[in-house]
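A closer look at the structure
Here's the letter readout for the chains.
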Amino acid sequence: MGRQWQQAKRLVVGLKKGRPAGPAAREISVTAKMGWRIYHFVHTNGVMADFVYWSAYYVQRFFRAWQYKYFSRHHITPEELFAHRQLGPTAGLVAGVTNICNAKCTFCAYPKVVANKTLQTGVMSFAVFQRAVDEWAALGGQSLDLTPVVGDPLVDPGILEKVDYAVNRAGLKDVYLTTNAILINKNDTYKRLIDLGIAAVFISTQGASKEAYEKIYGVKHYDEAMSGIRNLLAYNRAKGEPARIVVRFRNHERPSEIIRSPDFKTNIQPFLSERVRVNYTVDFDNWGGTIKPQDMSGFMRLRRLPPMLNVPCKNLFNFAVRHDGRVRLCGCRLTQNDNDDLVVGNICENTLSEISKSEVAWKKIKGFYSGQRPATCVECTFYHPINQHWLEQRARQKDVAAVKE
């Protein structure tokens, strides 16, 4: 009886600390492995991948319609939201190190805003980056996304120094970025990202066909990107897979065409594991109305505009620091530029905490309740209304952070 009691006690203690032990740990491990095998089968079997991603488009449309209908009747009030509006450990911070890109993707607003000359481009200085990271770490933040609203972080010549600072000096545990991999071979960047301790790398690429890549990404860098992806996956494998890597196909082709391609079979599939995965794109968002149906081709489908409820969007709480220090409510999308009516302050003038609690920020968030949206948000298919579950999760994480302090 005493032995059973000790085992039960260890199990409870482990669960409380987030470290399940004994049978529970084994059960979770078995479940995770089974989940991975199913995921792997779906994403490497052409027939299954085509069916799943074709049907997912319609399943998601149905689910979103039901979800918005439910949220329209059960929504968070301004009074409930007010105490949880500010930036804290429960939120995520985006440090957009540069808004310059080396691709011209047909599904992205970047080539259009560059052509219209409405985007003010630049690279974040180390001083601005350091200030943002230090303040974020002081707030208890752990998750830092180095991906700008538009642009590729590897275009920043100081990206490795910034990764090193965030991970090894500021001690942030979850530092990650999304890149098109065009520059990941340069100066062995793929090796240095892994060696510096980056938590995750997300690769955005078209597929495994040079012709389709050049059509969708608008540049002739397929060979560099594919070589870089292979080198990153191989080096990460050789080091014991310290980083989580996801290759996200923004596919013009059907998943089966990618899966059957020689480059997928040679350069990507051999390295897939529980920590290295691929996925395909169900639908593309419209960048606040900037991307039109005529910008889609092949298997690409544009997401329908959801009902615009008088409830704030979850993405407003992913505060983003622009390359020049301006702080924006949303780190996800833009229409004309990222220095727009979602900007609520400047980190060179106020702290992140002060900006997130400011009347300016709250006025923009609260405006959703009366149908007053920033221009970028008016026709955005990336709209995700906050809900009770989101608020409860945010409150629980806030309480955990307070206990740790």
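These numbers were taken from a predicted model, which means no experiment stands behind them.

Attention now goes to the packing of helix H7 (residues 159-169) against helix H8 (residues 189-196). Closest axis-to-axis distance for the H7/H8 pair is 10 Å, and the angle between their directions is 10°. Regarding the angle of H7 to H8, the classification is roughly parallel. Of the two elements, H7 crosses H8, and the hand of that crossing is right-handed. Within the contact between the two elements, H7 uses Leu-160, Val-163, Asp-164, Val-167 and Asn-168 and H8 uses Thr-189, Arg-192, Leu-193 and Leu-196.

Considering all chains together, one arrives at 14 salt bridges under this definition. Of the charged contacts, one joins Glu-241 and Arg-237 as a salt bridge, the two residues approaching to 3.4 Å between their closest N and O atoms. The exposure class of Glu-241 is buried, given its relative accessible area of 15%. A salt bridge links Arg-328 to Asp-340, with the shortest nitrogen-to-oxygen separation between them at 2.6 Å. One end of the pair, Arg-328, is in strand E8 (residues 326-328); the other, Asp-340, is in the loop between E8 and strand E9 (343-346), and 12 residues separate them in sequence. Its relative accessible area of 3% is what places Arg-328 among the buried residues. Taking relative accessible area as the criterion, Asp-340 reaches 18% and is therefore assigned buried. Taken together, the shared-partner salt bridges connect Arg-322, Asp-324, Arg-326 and Asp-338 into one network.

Residues Phe-62, Phe-63, Trp-66 and Tyr-70 make up a contiguous nonpolar surface patch of roughly 490 Å² in combined accessible area. Looking at the secondary structure, you find Trp-66 in helix H3 (residues 46-73).

Applying the stated criterion across every chain yields a total of 19 aromatic pairs. Taking the centre distance of 5.8 Å and the plane angle of 15° together, the rings of Trp-66 and Tyr-70 count as stacked. Here Tyr-70 and Trp-66 lie together in helix H3, a separation of four residues that amounts to about one turn. For Trp-66, a relative accessible area of 49% translates into the label partly exposed. By relative accessible area, Tyr-70 is classed as partly exposed at 36%. For the pair Phe-126 and Tyr-165, a centre-to-centre distance of 5.5 Å together with 85° between the ring planes defines the contact as edge-to-face. Taken together, the residues span a long stretch of sequence, with Phe-126 in helix H6 (residues 126-138) and Tyr-165 in helix H7 at a distance of 39 residues. Feature note: the residues Phe-107, Tyr-213, Tyr-217, Tyr-222 and Phe-284 constitute an aromatic cluster, connected by ring pairs. Over the aromatic face of Phe-299 sits the side chain of Arg-301, whose NZ or CZ is 4.8 Å from the ring centroid. When the ring centre of Phe-382 is taken as reference, the NZ or CZ atom of Arg-333 above it lies at 4.4 Å.

Turning next to the confidence of the model for the protein. When the pLDDT values of the protein are averaged, the result is 89; 91% of them are 70 or greater. Counting contacts from residues 1-19, a segment whose pLDDT is below 50, to residues more than four positions away or on other chains yields six contacts.

Taking 1.5 Å of rise per residue, the 13 residues of H6 would be expected to cover 18 Å, and the 18 Å separating its terminal C-alpha atoms lies within 8% of that figure. Regarding H6, the residues found buried are Val-128, Phe-129, Ala-132, Val-133, Glu-135 and Trp-136. All buried residues of H6 project into a common sector of 165° when viewed along the axis, lining one side. Exposed residues on H6 whose side chains face more than 90 degrees from its buried face are Ala-127 and Ala-138. Elements in contact with the buried residues of H6: strand E1 (93-95), strand E2 (143-145), H7, strand E7 (320-321) and helix H13 (352-356).

With that settled, consider the packing of H6 against H7. For the pair H6 and H7, interaxial distance at closest approach is 10 Å and the crossing angle is 20°. Regarding the angle of H6 to H7, the classification is roughly parallel. For the crossing formed where H6 meets H7, the hand is right-handed. Residues Phe-126, Phe-129, Gln-130, Val-133 and Asp-134 of H6 pack against Glu-161, Lys-162, Tyr-165 and Ala-166 of H7. Within the contact of H6 with H7, the residues separate by chemical class into five nonpolar, one polar and three charged.

Turning next to H3. Compared with an ideal rise of 1.5 Å per residue, which puts 28 residues at 40 Å, H3 spans 41 Å between its outermost C-alpha atoms and is within 8% of the ideal. At Ala-56, H3 shows its largest kink, close to 30°. By the N-cap criterion, in which a side-chain oxygen at the helix start approaches the backbone nitrogen of a residue two or three places on, H3 is capped by Asn-45, the distance to Val-47 being 3.3 Å.

On to unusual backbone geometry, then. Residues other than glycine seldom take positive phi values, yet Lys-117 does so here, at roughly 60°. A residue is classified by how much of its surface remains accessible, and Lys-117, at 75% relative accessible area, is exposed. Of note in the backbone geometry, Asn-187 takes a positive phi value of approximately 55° without being a glycine. Here Asn-187 is to be found in the loop between strand E3 (174-179) and H8.

So, how was this worked out
Residues numbered from 1 in each chain as written. Predicted model: local features only at pLDDT ≥ 70, side-chain atom pairs only at ≥ 80, totals over all residues. Heavy atoms only, no water. Axes fitted to C-alpha atoms, helices over the stretch in contact; angles between N-to-C directions. Helix = DSSP H or I, 4+ residues; strand = E, 2+ residues; numbered from the N terminus. Parallel < 35°, antiparallel > 145°, perpendicular 65-115°, else oblique. Left-handed = near helix turned anticlockwise from the far one by under 90°. Contact = heavy atoms within 4.5 Å. Salt bridge = Lys/Arg side-chain N within 4 Å of Asp/Glu carboxyl O. Buried < 20%, exposed > 50% of the residue type's maximum accessible area, 1.4 Å probe, protein only. Patch = residues over 30% accessible without salt bridge, like charges linked within 9 Å, V, L, I, M, F, W, Y side chains within 5 Å. Areas by Shrake-Rupley, 256 points an atom, 1.4 Å probe, with all protein chains shown as cover. Phe/Tyr/Trp six-rings, centres within 6.5 Å; stacked < 30°, edge-to-face > 60°. Lys NZ or Arg CZ within 6 Å of the ring centre and 35° of its normal. pLDDT = per-residue confidence, 0-100. Expected span 1.5 Å × (residues − 1). Arc of directions from axis to C-beta. Nonpolar A, V, L, I, M, F, W, Y, C, P; charged D, E, K, R; others polar. Bend = angle between axes of the 7 residues up to and from the residue. Polar contact = N/O pair within 3.5 Å; in protein donor to acceptor, adjacent residues only side chain to side chain.

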